[in-house]
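# Observations on the model geometry
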Amino acid sequence: MREDSGACPSKPGDSGKGVVYVVGAGPGDPELITIKGLRLIEIADVIVYDRLAPRELLRHAKKGAELVYAGKEPGFHAMSQDDINKLLLDRATRGLTVVRLKGGDPLVFGRGEEECLFLARHGVECIIVPGIPSFIGAAAYAMIPLTSRGYSSSFAVVTGKEAPEKGFTSVRLGDIARAVDTIIVLMGASRSPEIFEELIKVLGSNALGAVVINATRGDQVVIEGTLGELLHLARKGRIRNPAVIIVGKTVGLREKLCAESVES
Ligand code: SAH
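These remarks concern the structure in this document.

What follows deals with the site of the ligand. The immediate surroundings of the ligand are formed by 17 residues, with D105, V108, S134, A215 and A243 found nearest. Here a nitrogen atom of the ligand sits 2.8 Å away from a polar atom, N or O, in the main chain of P27. Between the ligand and A215, the relevant distance is 2.8 Å, taken from a nitrogen atom to a main-chain nitrogen or oxygen of the residue. Look at the ligand: alone it shows 550 Å² of surface, and the protein chains cover 93% of it.

Turning our attention to the nonpolar core. Counting 26 residues, the largest nonpolar core has L173, I183, F196, L199 and V211 as the members making the most contacts within it. Those elements that provide at least two residues to this core are β8 (155-159), α5 (173-179), β9 (182-186), α6 (192-203), β10 (208-213), α7 (227-235) and β12 (243-247). With 5 residues, α7 is the largest single contributor of residues to this core. Sequence-distant contacts of F196, defined by excluding residues within four places in its chain, comprise V211, L227, L230, L231, A234 and I245.

Once that is clear, we can look at the packing of helix α2 (residues 81-93) against helix α3 (residues 112-121). Look at α2 against α3: their axes get within 10 Å of each other, and the N-to-C directions meet at 50°. Relative to α3, α2 is oriented oblique. In this structure, α2 meets α3 at a crossing whose hand is right-handed. Of the residues in α3, those touching α2 at Q81, I84, N85, K86, L88 and L89 are E115, F118 and L119. For the contact of α2 with α3, the per-class residue count stands at 5 nonpolar, 2 polar and 2 charged.

Each value, and the rule that gives it
Residues numbered from 1 in each chain as written. Predicted model: local features only at pLDDT ≥ 70, side-chain atom pairs only at ≥ 80, totals over all residues. Heavy atoms only, no water. Near = heavy atom within 4 Å. Polar contact = N/O pair within 3.5 Å; in protein donor to acceptor, adjacent residues only side chain to side chain. Areas by Shrake-Rupley, 256 points an atom, 1.4 Å probe, with all protein chains shown as cover. Core = buried A, V, L, I, M, F, W, Y, C linked by side-chain atoms within 4.5 Å. Buried < 20%, exposed > 50% of the residue type's maximum accessible area, 1.4 Å probe, protein only. Helix = DSSP H or I, 4+ residues; strand = E, 2+ residues; numbered from the N terminus. Contact = heavy atoms within 4.5 Å. Axes fitted to C-alpha atoms, helices over the stretch in contact; angles between N-to-C directions. Parallel < 35°, antiparallel > 145°, perpendicular 65-115°, else oblique. Left-handed = near helix turned anticlockwise from the far one by under 90°. Nonpolar A, V, L, I, M, F, W, Y, C, P; charged D, E, K, R; others polar.

Below is the structure:
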């Protein structure tokens, strides 16, 4: 058992090494980053940023800061995870302040913990700054409550795609659909037909769902419909990356919420 103030129970002492801040950039709208995250971008010597971190935020970097794109697009990786780890370690070891900028929150399917583990093993301090996860941003900007009295008392967030090297799936969508009221799937675009098929087996094809593409960005698209309709679109390849899939009764509140916000 252990009790402490949080963060790192045994912080490395002042080693003369720089610090790596693993910063959540939020879901897409550049204004959704935290004040702390923005302040760190302003002072960083090096910023290593991901594909889904809003590029607009880089305008706040100081003059002369090193900006490195480390994005992983489906089928194309600008840098391997190994090279990213080595780059972070190298810059921190030189005493530089490094911001590792990630879309959403670093600890939600963000591999922030993997990079921190690597740095910690090499004696470099790593500080995690949270960000608004994509599904929280998507729900808000699409007006879909994740919980609501009488409609949903629980939600689960799962990945639609697991690390292929695992060779098995630990996400049992059917069981999840039976256990929680609102189901959220990230990284589900490429497997969306199978995802909707699996959910339909438990919830039926008339259950409601929504897909939020490019959530919180200027080009956000919300597709709302029954699971049967969404399956049809998915089979036609219309569910594009990056997309958040939200399934549950609260999707039905959307129209009402939008209408009421126009009136007031
Ligand atoms: N750390 C991120 C998740 C990274 S996994 C977070 O906290 O949200 C990448 C997945 O996140 C994408 O496949 C997609 O499902 C989701 N995602 C991230 N940004 C998104 C956006 N602007 N719109 C829709 N989905 C997004």
